[in-house]
Amino acid sequence: MQNTTSPSHLTVEPSILYFGTPVVLLSTENEDGTFNLAPMSSAWALGQVIVLGLGSDGQTARNLSTRPDLVISLPSPQQWRAVEQLAPLTGRDPVPTGKRDRFRYEADKFGAAGLRPQPSELVRPPRVAECPLQFEGRASQVRPDATGGFLIVEARVLRVHAAPQILVPGTEHIDPAQWSPLIYNFRHYHGLTTELGHSFRSETPRRTHDPAPHTAGPSTPPQPDATRGPALSAGTRSGSRAPAGARRPPHGYGTRRRPHLRRSR
Ligand SMILES: Cc1cc2nc3c(=O)[nH]c(=O)nc-3n(C[C@H](O)[C@H](O)[C@H](O)COP(=O)(O)O)c2cc1C
């Protein structure tokens, strides 16, 4: 810890800056036609594009440099142990020098984490069957970052698969009351807590919390989010019924209703 710079903050030099982003499991294809699976958290979405930050010495970076197909599977908080099973593994053989002290080579990452590969529809790498939200995509740009230690990957999402339990019924909206990402917060795993409010652009607003400051109306104390059902547990299959105890949010969303959604294979 360094000197103080103000009465309210200290100047510090933390070894990592992972301030809490969702964990994704990235499936890619190896040279020999088998598939690799790597946890990562430097990922963010903009429209239908997902930007990924990857250490350039990993097998995933190597795969995406030559084979652009990928799947981004999003685990729920209950699946953190499966993610952590993957944490000390690399699909690169031999293990790069810089990783030898803490990582070991594993050819079957799905098996090592107890996760099931589920065939994709548009790309070769498989989805993670247990993950409630899965994006099939293709890297459209792979380039080194400014330091040379990382690759910045821009991936276009081609198809989205969602477990029925996390959708607003009859629509194509992901229901934030039913879906929670697994958050990697300074190398600790967290889930989301109670909803605080929503953006003015939300297409799935509910009236279970304080109005936003600019909104007219009387202020009420924060309400516990009674509609947040338990997130899907590991092993929940796409297409199965909502887990016991999961409650549906009240209807009345101002949403596009699509009664005949196609079921992912
Ligand atoms: C929760 C979690 C998040 C991670 N986030 C990233 C990340 O954003 N980028 C990255 O390059 N590595 C990340 N890692 C480390 C990689 O998973 C690790 O380097 C792994 O060995 C890569 O596997 P591969 O060599 O088979 O591609 C993360 C690891 C964990 C457990």
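Here the structure is a predicted model, which means the values were calculated and not measured. (Residues numbered from 1 in each chain as written. Predicted model: local features only at pLDDT ≥ 70, side-chain atom pairs only at ≥ 80, totals over all residues.)

Okay, the confidence of the model for the protein chain next. Averaged over the protein chain, the pLDDT score is 85; the fraction of residues at 70 or greater is 76%. Segment residues 216-257 is flagged for pLDDT under 50; beyond a separation of four residues in sequence, or across chains, it makes 74 contacts in the model. (pLDDT = per-residue confidence, 0-100. Contact = placed C-beta atoms within 7 Å.)

With that settled, the discussion passes to the nonpolar core. Among soluble globular proteins, nonpolar side chains are generally buried collectively. Membership of the largest hydrophobic core comes to 38 residues, with the highest contact counts inside it found for Leu-70, Ile-72 and Val-153. Apart from the residues within four sequence positions on either side, Val-153 is in contact with Leu-52, Leu-54, Leu-64, Ala-139 and Val-142. (Core = buried A, V, L, I, M, F, W, Y, C linked by C-beta atoms within 7 Å. Buried ≥ 20, exposed ≤ 12 C-beta atoms within 10 Å, placed from the backbone.)

Moving on, we come to the pairing of strand β12 (residues 150-162). The sheet contact formed by strand β5 (residues 49-55) and β12 spans 7 bridges and is antiparallel. Note on β12: the bridge partner recorded for Val-49 is Arg-156. Note that strand β11 (residues 133-144) and β12 share 11 bridges and pair antiparallel. Bridging across to β12, Ala-139 finds its partner in Ala-155. The antiparallel hairpin formed by β11 and β12 contains 5 residues in its connecting segment, where Gly-148 sits at a positive phi of about 90°. (Pairing = 2+ DSSP bridges. Helix = DSSP H or I, 4+ residues; strand = E, 2+ residues; numbered from the N terminus.)

So, about the sheet that holds strand β1 (residues 19-22). Strand order across the open sheet formed by 3 strands is β1-β13-β14, with antiparallel pairing between neighbours. This sheet does not close on itself; its edge strands, each paired only once, are β1 and β14 (188-190). If you compare each strand with its neighbour and ignore which way they point, the axes differ by 30° on average. Relative to strand β13 (residues 183-185), β1 is paired through 3 bridges, and the arrangement is antiparallel. Within the sheet, the bridge partner assigned to Pro-22 lies in β13 and is Ile-183. (Axes fitted to C-alpha atoms, helices over the stretch in contact; angles between N-to-C directions.)

What follows covers the sheet that holds strand β2 (residues 24-29). Taken in spatial order, the 7 strands make up an open sheet running β3-β2-β6-β11-β12-β5-β4, and their pairing is antiparallel. Edge positions in the open sheet fall to β3 (35-40) and β4 (43-46), since each of these has one partner strand only. The sheet shows a mean angle of 30° between the axes of neighbouring strands, taken without regard to direction. Where β2 meets β3, 6 bridges bridge the pair, whose relative direction is antiparallel. Paired with Thr-28 across the bridge in β3 is Asn-36. Of the strands in this sheet, β2, β3, β5, β6 (69-74), β11 and β12 touch helix α1 (residues 59-66), which is tilted by about 55° from β2.

This next bit is on the pairing of β5. Of the two faces of β5, only one is covered, namely that formed by Ile-50, Leu-52 and Leu-54; the face formed by Val-49, Val-51, Gly-53 and Gly-55 stays uncovered. Looking at chain direction, β4 and β5 are connected through 4 bridges and run antiparallel. Residue pairing in the sheet places Trp-44 in a bridge with Val-51 of β5.

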